[in-house]
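Here are the chains, one letter per residue:
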Amino acid sequence: VKDVDWRVAMLDGGLQLALLWERHRSGLASLPTKFGRLHWYMTEKLEGPLVCELMRKRATRLAATWSIVFTNVEEQIIATMEDVNIHVLLSKPAFP
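Notes on the structure follow. Everything numeric here is computed off the predicted structure, so don't read it as measured data.

### As for the environment of Val 8
Structurally, Val 8 is set in helix 1 (residues 6-26). According to the relative accessible area criterion, Val 8 is exposed, its value standing at 54%. When the C-alpha atoms of Val 8 and Leu 54 are compared, they prove to be 17 Å apart, with 46 residues separating the residues in sequence.

Following this line, the structure appears as structure tokens:
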């Protein structure tokens, strides 16, 4: 998409991936409800692909807390998102 800041797209992709994993874990639709910290290690424009790694820190039946780490193909950390809370929507099954 033209004129979209790559950083915004990267962060959105990380959140979308966390939502997919929560759907897989719980079988329910979910939404992000808290964003703890964001730390940038690299801010220059990226060339090439990046890797998004999720680490679940804790989980209950209704929520999970994730850390999300973005790296380049050389495994250099681009950014981290800490304490990302995802809560399930009890009335919304993931798949109709």
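Next comes the rest of the account.
### Section: unusual backbone geometry
Apart from glycine, the bulk of residues carry a negative phi angle, and the bulk of peptide bonds sit in the trans form. In this model, Glu 75 sits at a positive phi of 65°, which is unusual for a non-glycine residue. Position of Glu 75 among the secondary structure elements: in the loop between strand 3 (63-72) and strand 4 (77-93). Glu 75 gets classed as exposed once you look at its relative accessible area, which sits at 67%. The phi dihedral of Asp 83 is positive, around 55°, even though this residue is not glycine. One can find Asp 83 in strand 4.

Rules used throughout
Residues numbered from 1 in each chain as written. Predicted model: local features only at pLDDT ≥ 70, side-chain atom pairs only at ≥ 80, totals over all residues. Heavy atoms only, no water. Helix = DSSP H or I, 4+ residues; strand = E, 2+ residues; numbered from the N terminus. Buried < 20%, exposed > 50% of the residue type's maximum accessible area, 1.4 Å probe, protein only.

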